[in-house]
Amino acid sequence: MRKYLPYLLLLFIIAAILRIDFYFTIVYLFFAVYVLSQVWTRQSAKQLRAERQFAERAFSGHSVRATLTVRNEGWLPVPWLTVHESLPVELSNPPFLRRVAALGPYDEREFSYTLHCRRRGYYRIGPLRMEAGDMLGITKPVQVETEPEHLIVYPRVVSLQKLGLPTRSPLVALPAATPLFEDPSRVMGVRDYRQGDSPRRIHWTATASIGELVVKQYEPSIARETLICLDLNGEDYELRRRYTAVELAIVVAASLANHIIVKDGLPAGLATEAWDPLADKQTRLFRPPRSERAHLMSLLEILARIEVGEATSFPDLLRRESVGLPWGATLAVIAGRESKSLFDSLVTLRRAGFAVALILVQPVYPSAEARRRAEILDIRVHRIWREQELEAGV
């Protein structure tokens, strides 16, 4: 209105001086049109509604089809409407959707776009901004903005056999030479009766067959839980290869969790400390081992959104998070490099009764000294590098 105000004022002065009714009519007409356009635009903008529909979760490499529905819920038509949807640059090129439409009374329009999930992450879809205006462009367009939503892209899950990692002990279960507990439902053999043995352990069928008193021997009952410990301290990864190494480490963690829970049907958990965009801060994330599919999806959701965080002590994290684990549980440790402090923590965990497997995500093999140290300490060390090697089974 401000750009028209000088002209209306000039017409009003001319009309007042010359006392010409026609000029007054023009002034009144323009003023009425302005008021009508202002009320129309604001009222029609209040009647606009938008709804976004898409799958809120997807795996890396998949595509997500999104549908945006803009609806006019009033009886006033919208002469023109500009729709601008902000999209993540990692998922869409260009990183926005822009459309122009006109809506009649109780009319709606649908706009579709595709999000290409090239990499894992926690992405914001939106906000959606709509601008509605009058036909003549007299009034300033009214903006309507809707809240953004989020899309979670899970990391890639690769077959564990292709990772070149063992599927049994010590990565899943820890064999014990001296069992602390026994499972009475799993008989592994018999032995001679010794004084002090409970009569309930006597194997009467074998005793009758052999002619000597023998008792049952049970298999050790050891925790078959696995805690995946992921190092996301940026200083533990080489700077120029940090992005590749961290992404691969997350793929390894996701693949381990999937294999242990889905293929082996055993409990798996996750422990890490990283930047969590959901909390918008550095967060210590711990999920105790469980075997449900829903638990697996919660682990993948964490692995989808976390990023490299501030400098932390990964060995301290290992010792802290292992406190609540049962004796005999397995720790699958995924790190970017080996170090003396890391090996010291792994030795402490081994002595505490845990099975330990170290997975190093780095382009070179561990040093001869590190391999010798791991062999002496009876710690299995695996090196992984490049996703192409995972897919090819190298």
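Residues numbered from 1 in each chain as written. Predicted model: local features only at pLDDT ≥ 70, side-chain atom pairs only at ≥ 80, totals over all residues. Heavy atoms only, no water.

From N to C terminus, the protein includes ten helices and 18 strands. Out of the 394 residues belonging to the protein, those deemed buried represent 45%. Within the protein, counting contacts between residues at least 6 apart in sequence, those at least 24 apart form 71% of the total. Carbon and sulfur atoms make up 54% of the accessible area of the protein, which amounts to about 21,200 Å² in all. (Helix = DSSP H or I, 4+ residues; strand = E, 2+ residues; numbered from the N terminus. Buried < 20%, exposed > 50% of the residue type's maximum accessible area, 1.4 Å probe, protein only. Contact = heavy atoms within 4.5 Å. Areas by Shrake-Rupley, 256 points an atom, 1.4 Å probe, with all protein chains shown as cover.)

Through backbone hydrogen bonds, the strands of a sheet pair up, either in parallel or in antiparallel fashion. Across the sheet, three strands lie side by side as E1-E3-E6; this open sheet has antiparallel pairing. In the strand order of this sheet, the two ends are held by strand E1 (48-53) and strand E6 (108-116), each with one partner. Averaged over neighbouring strand pairs, the angle between their axes works out to 15° when direction is ignored. In the sheet, E1 pairs with strand E3 (residues 63-72) via six bridges, with the strands oriented antiparallel. (Pairing = 2+ DSSP bridges. Axes fitted to C-alpha atoms, helices over the stretch in contact; angles between N-to-C directions.)

Our next topic: the pairing of strand E14 (residues 268-276). Of all nine residues making up E14, eight are buried, and the element is well covered by its neighbours. As paired strands, strand E13 (residues 226-230) and E14 are joined by five bridges and run parallel to one another. Each bridged residue has a counterpart across the sheet, and for leucine 227 the counterpart in E14 is glycine 269. A crossover connection joins E13 to the parallel E14 through helix H5 (residues 242-263); in handedness this β-α-β unit is right-handed. Summarising the sheet, E14 and strand E15 (residues 281-290) pair through eight bridges and their orientation is antiparallel. (Right-handed = clockwise from strand over helix to strand, strands pointing away.)

Here we take up unusual backbone geometry. Residue proline 94 is reached from asparagine 93 by a cis peptide bond, and omega for that bond is 5°. Turning to its location among the elements, proline 94 is positioned in the loop between strand E4 (78-86) and strand E5 (96-103). A cis amide bond, omega 5°, links glycine 126 with the succeeding residue proline 127. In this structure, proline 127 sits in the loop between strand E7 (121-125) and strand E8 (128-133). Of note in the backbone geometry, tyrosine 106 takes a positive phi value of approximately 55° without being a glycine. By the secondary structure assignment, tyrosine 106 is in the loop between E5 and E6.

Quick look at the pairing of strand E18 (residues 380-384) now. Bridge count between strand E17 (residues 355-361) and E18: five bridges; the pairing is parallel. Within E18, the position partnered with leucine 360 by the bridge is arginine 383. A crossover links E17 with its parallel partner E18, the connecting element being helix H9 (residues 368-376), and its sense is right-handed.

A separate point is the pattern of salt bridges. Scanning all chains against the criterion turns up 23 salt bridges. A salt bridge links arginine 52 to glutamate 149; the nearest nitrogen and oxygen atoms lie 2.9 Å apart. One end of the pair, arginine 52, is in strand E1; the other, glutamate 149, is in strand E10 (residues 149-154), and 97 residues separate them in sequence. Here glutamate 307 ties to arginine 120 by a salt bridge, and the two come within 3.5 Å at their closest N and O atoms. (Salt bridge = Lys/Arg side-chain N within 4 Å of Asp/Glu carboxyl O.)

The next thing to look at is the side chain of threonine 207. Its location among the elements puts threonine 207 in helix H4 (residues 204-210). Owing to a relative accessible area of 13%, threonine 207 belongs among the buried residues under this scheme. Among the polar contacts made by the side chain of threonine 207, one reaches the main-chain amide nitrogen of valine 214 at a distance of 3.3 Å. Residues contacting threonine 207, with those up to four places away along its chain left out, are Ile202, Glu212, Leu213 and Val214. (Polar contact = N/O pair within 3.5 Å; in protein donor to acceptor, adjacent residues only side chain to side chain.)

Residues Ile13, Ile17 and Leu18 make up a contiguous nonpolar surface patch of about 300 Å² in total accessible area. Within the secondary structure layout, isoleucine 13 lies in helix H1 (residues 5-18). Taking the relative accessible area as the measure of exposure, isoleucine 13 reaches 40% and is therefore partly exposed. (Patch = residues over 30% accessible without salt bridge, like charges linked within 9 Å, V, L, I, M, F, W, Y side chains within 5 Å.)

Another aspect to go through is the packing of aromatic side chains. Applying the stated criterion across every chain yields a total of one aromatic pair. Aromatic pair phenylalanine 59 and tyrosine 154: ring centres 5.0 Å apart, planes at 50°, arrangement tilted. In this pair, phenylalanine 59 sits in strand E2 (residues 57-59) while tyrosine 154 sits in strand E10, placing the two residues 95 residues apart along the sequence. Overall, the relative accessible area of 28% leaves phenylalanine 59 in the partly exposed class. Owing to a relative accessible area of 4%, tyrosine 154 belongs among the buried residues under this scheme. One residue, arginine 98, lies across the ring of phenylalanine 96, its end atom 5.3 Å from the ring centre. (Phe/Tyr/Trp six-rings, centres within 6.5 Å; stacked < 30°, edge-to-face > 60°. Lys NZ or Arg CZ within 6 Å of the ring centre and 35° of its normal.)

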